Amino acid sequence: MPLVAGVDSSTQSCKVVIRDADTGKLVRTGRAAHPDGTEVDPRAWWQALQEAIARAGGLADVAAVSIAGQQHGMVCLDSAGTVVRPALLWNDTRSAQAATDLVEELGGGQTGARAWADAVGSVPLASFTITKLRWLARHEPDNAARVAAVCLPHDWLTWRLSGTGDVGTGDVRASDIGTSDIGTLRTDRGDASGTGYWSPGSGEYRYDLLEHAFGRRLAVPVVLGPNDRAGELPNGAVIGPGTGDNAAAALGVGAVPGDVVVSIGTSGTVSSVADTPAADASGAVAGFADATGRFLPLVCTLNAARVLDATARMLGVDLDELARLALAAPAGADGLVVVPYLEGERTPNRPLATGAVHGLTLRTASPAHLARAAVEGLLCALADGLDALVAQGATVDRVILVGGGARSEAVRRIAPEVFGCPVRVPPPGEYVADGAARQAAWVALGGVLPPSWTIGEASEYDASPVPAVRERYAEVRDLTVDRLTV
Ligand SMILES: Nc1ncnc2c1ncn2[C@@H]1O[C@H](COP(=O)(O)OP(=O)(O)O)[C@@H](O)[C@H]1O
Ligand SMILES: O=C(CO)[C@@H](O)[C@H](O)COP(=O)(O)O
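The model shown is predicted, which means the values in this text are computed figures rather than measured ones.

### Quick look at the overall build of the chain
Argument step 1. Helices and strands together make up the secondary structure of the chain, namely 15 helices and 24 strands.
Argument step 2. On C-alpha atoms alone, the chain measures out to a radius of gyration of 21 Å, which is about the 23 Å that the 2.2 N^0.38 rule sets for 486 residues.
Argument step 3. Each principal axis of the C-alpha distribution contributes one length, and for the chain these read about 65 × 55 × 40 Å.
Argument step 4. Here the chain holds 486 residues, and 59% of them are scored as buried.
Argument step 5. Restricting to contacts in the chain with at least 6 residues of sequence separation, those with at least 24 account for 74%.
Argument step 6. Entry remark: accessible area of the chain is about 17,500 Å², with carbon and sulfur atoms responsible for 51%.

### Quick word on the UniProt feature "domain: Carbohydrate kinase FGGY C-terminal" (unreviewed entry) in the chain
Argument step 1. Look at the UniProt record and you will see "domain: Carbohydrate kinase FGGY C-terminal" (unreviewed entry) annotated at residues 261-442.
Argument step 2. Helix makes up 38% of residues 261-442 and strand 19%. Its end C-alpha atoms lie 22 Å apart.

### Comments concerning the site of ligand 1
Argument step 1. Looking at ligand 1, there are 15 residues lining it, with Ser-10, Lys-15, Thr-266, Asp-309 and Gly-404 nearest.
Argument step 2. Within the side chain of Lys-15, an N or O atom sits 2.6 Å from an oxygen atom of ligand 1.
Argument step 3. Asp-309 places a polar side-chain atom, nitrogen or oxygen, 2.4 Å from an oxygen atom of ligand 1.
Argument step 4. Surface burial for ligand 1 is 81%, taken as the share of its 580 Å² of free accessible area covered by protein chains.
Argument step 5. For the shell around ligand 1, a count of residues per class yields 3 nonpolar, 9 polar and 3 charged.

### Re the state of the cysteines
Argument step 1. Enumeration according to the criterion identifies 0 disulfides in this entry.
Argument step 2. In this model Cys-380 remains outside any disulfide bridge; the closest cysteine sulfur is found in Cys-421, 13 Å from its own.

### Considerations on the nonpolar core
Argument step 1. Counting residues in hydrophobic clusters, the biggest one holds 88 residues, and the most contacted among them are Leu-77, Leu-133 and Trp-156.
Argument step 2. A per-element tally of this core places helix α1 (residues 42-55) first, with 6 residues.
Argument step 3. Listed in part, the 55 residues of the second largest apolar core include Val-299, Val-337, Val-418 and Val-423.

### Considering the site of ligand 2
Argument step 1. Surrounding ligand 2, one finds 15 residues, the nearest of these being Thr-11, His-72, Asp-245, Ser-267 and Arg-346.
Argument step 2. A distance of 2.9 Å separates an oxygen atom of ligand 2 from a polar backbone atom of Gln-71.
Argument step 3. The side chain of His-72 places a nitrogen or oxygen atom 2.7 Å from an oxygen atom of ligand 2.
Argument step 4. About the coverage of ligand 2: the protein hides 95% of its 380 Å² of free accessible area.
Argument step 5. For the shell around ligand 2, the secondary structure elements donating two or more residues are α9 (245-252) and β19 (295-301).
Argument step 6. Taken together, the residues of the shell around ligand 2 sort by class into 4 nonpolar, 9 polar and 2 charged.

### What to know about helix α11 (residues 319-328)
Argument step 1. Of the positions making up α11, those classed as buried are Leu-322, Ala-323, Leu-325 and Ala-326. Down the axis, α11 shows its buried residues gathered within 165° of arc, on one side only. Set apart from the buried face of α11 by more than 90 degrees, the exposed residues are Asp-320 and Ala-328.
Argument step 2. Measuring from the backbone nitrogen of Asp-320 back to the side-chain oxygen at the start of α11 gives 3.3 Å, which picks out Asp-318 as the cap.

### What to know about the side chain of Thr-269
Argument step 1. Within the secondary structure, Thr-269 sits in strand β17 (residues 268-272).
Argument step 2. At a separation of 3.1 Å, a polar atom in the side chain of Thr-269 contacts the side chain of Asn-246.
Argument step 3. Those residues in contact with Thr-269, other than ones at most four positions away along the chain, are Asn-246, Val-261, Val-262, Ser-263, Leu-298, Val-299, Cys-300 and Leu-382.

### Comments concerning the pattern of salt bridges
Argument step 1. Under the definition given, this model contains 30 salt bridges.
Argument step 2. One salt bridge connects Arg-206 with Asp-208, and the closest N-O pair in it is separated by 2.7 Å.
Argument step 3. Accessibility expressed as a relative area gives 43% for Asp-208, which makes it partly exposed.
Argument step 4. The closest approach of N and O atoms between Glu-321 and Arg-324, which form a salt bridge, is 2.8 Å. Taken together, the residues Glu-321 and Arg-324, both in helix α11 and 3 residues apart, mark about one turn of the helix.
Argument step 5. What makes Arg-324 partly exposed here is its relative accessible area of 48%.
Argument step 6. A single network of salt bridges, built from pairs that share partners, joins Asp-8, Lys-15, Arg-31, Arg-407 and Glu-430.

Thresholds, definitions, all that
- All residue numbers here refer to positions counted from 1 along the written sequence of the relevant chain.
- Each chain takes a letter, starting from A, and each ligand takes a number, starting from 1, following the order in which they are written.
- Reporting of local features is limited, given that this is a predicted model, to residues whose pLDDT is at least 70; pairs of side-chain atoms are given and counted only at 80 or more, and all residues count toward the totals for whole chains, interfaces and linings.
- Note that water and hydrogens are dropped before the side-chain values are worked out from all heavy atoms of the structure.
- Secondary structure is summarised from DSSP: a helix means a run of H or I of at least four residues, a strand means a run of E of at least two, and numbering begins at the N terminus for each.
- The reference for a compact globule is 2.2 Å times residues^0.38; the radius of gyration itself is calculated from the C-alpha atoms.
- Only protein chains enter the accessibility calculation, which uses a 1.4 Å probe. A residue is then buried if its area is under 20% of the maximum for its type, exposed if over 50%, and partly exposed in between.
- The contact criterion used throughout is that any non-hydrogen atoms of two residues lie within 4.5 Å.
- Each accessible area is a Shrake-Rupley estimate made with a 1.4 Å probe; only the visible protein chains count as cover when residues are assessed.
- UniProt positions are given in the numbering used here, feature names are shortened, and annotations may be inferred rather than shown by experiment.
- A molecule or strand has a residue near it when one of that residue's heavy atoms lies within 4 Å.
- In protein, a polar contact requires one atom able to donate a hydrogen and another able to accept it; more generally it is a pair of N or O atoms within 3.5 Å, and residues adjacent in sequence count only if both atoms are side-chain atoms.
- Any residue outside Ala, Val, Leu, Ile, Met, Phe, Trp, Tyr, Cys, Pro, Asp, Glu, Lys and Arg is labelled polar, Gly included; the first ten of those are nonpolar and the last four are charged.
- We call a pair of cysteine sulfur atoms a disulfide when they lie within 2.5 Å.
- Within this scheme, the nonpolar core is defined by two criteria: the residues are buried Ala, Val, Leu, Ile, Met, Phe, Trp, Tyr or Cys, and they are joined through side-chain atoms within 4.5 Å.
- Comment: arc refers to directions from the helix axis out to C-beta atoms.
- One side-chain nitrogen of Lys or Arg within 4 Å of one carboxyl oxygen of Asp or Glu is enough to make a salt bridge.

What follows is the structure, encoded as structure tokens:
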């Protein structure tokens, strides 16, 4: 019974699962919190990883480990492998102007957008690493001058794990010891496809675009195949390539073409597995690669589970009470609409936007109406994403709902009304970490395909569609003001 470990180093926390490689049976878990903010010192992720591994009983008895992580974050290293500045995360919007400039510089408007989509599968938005590199070059020239290599959160953690050989005995080590050779950085197709300088279509880096954005060439990680080895722990356990969190979630739920995975975590994502790469010049759909050698067209919103957190905070209730309140109000909340752009928004591209509440009357000024409108607002934004994915050719046989927000009974029950189709909710779990564990098992066991694991009985939620909810949302979603300070 070989054991394998999977890690999800996500925006809010680090989660570790240890599973039986053959059957997928869950054996142990651990987690640790990440700091808040859209700019984070990567050593905080390393510390959280060590804590989460220790809480999961260590890695001494595992045969393989893979790390999945939040996509896009810019981790800059100097020639000695030291982190140059805190990483800018996927939800940091300071590079919005850089994104606009990069599209302009490739022809502007539709021409520039088409050129980027054809080159790297996606039109750059503030989330993408390449825009953060441009921001760094223009705003922090001293830091930029020190940068020798750029990598992503999961690449950096994988590199550190291969270098330190710490097998999680409970020993927390967040110092700069360990690997320093930037030539040994590794990544995978899934995460590389979110940089803006790697092409899912050709499987090659676009060094020309990286150089164009940053001003000079940088070292980048070698892109491994789906079950290649990235390194080894001292106990002989292999380290898998890892991947971006959304590619890992698709692997974790065993998504196949026809499945649309909707994840409600810090980000909201709508994605599907595809046999051909996407290249959406509208910028709504990012043409990512997946973790199995295929592709993962994906729509991402910046505002998902935290809209529920924020609404619960405003109402002074916990998340269970928020769900109860939301279900107590009628569908459509009698016309109350929450536009959920609390962190600005990425899809649609409104980096400076703020959220809004529309339709306040004496009748709708109630906790239940606000709770309902918040759930409906975040789901409407995801339903727009589902439309964009379908417009790019995705077929929707099944919608699978995952992420922390899927634990909300209100989200599960209201989703079919807003999406207009039933949703399947797998048993509560850490599907990103599970996908990483499945990849680790694939690396350990070999084979053409990842091992087939069953994930337990999904609950099916169905309800009559209520199109009026999306119609009302569409009427007001652009009626927001920009934030006062960036
Ligand atoms: N019962 C629940 N109802 C609603 N939201 C929940 C519930 N449980 C957890 N969450 C939310 O899930 C979010 C974390 O989800 P997760 O998928 O772990 O995020 P990430 O992977 O981005 O760190 C938190 O914002 C949390 O409030
Ligand atoms: O930017 C994207 C996808 O393009 C996000 O999905 C990040 O990958 C962060 O994910 P979570 O921490 O919300 O899971």
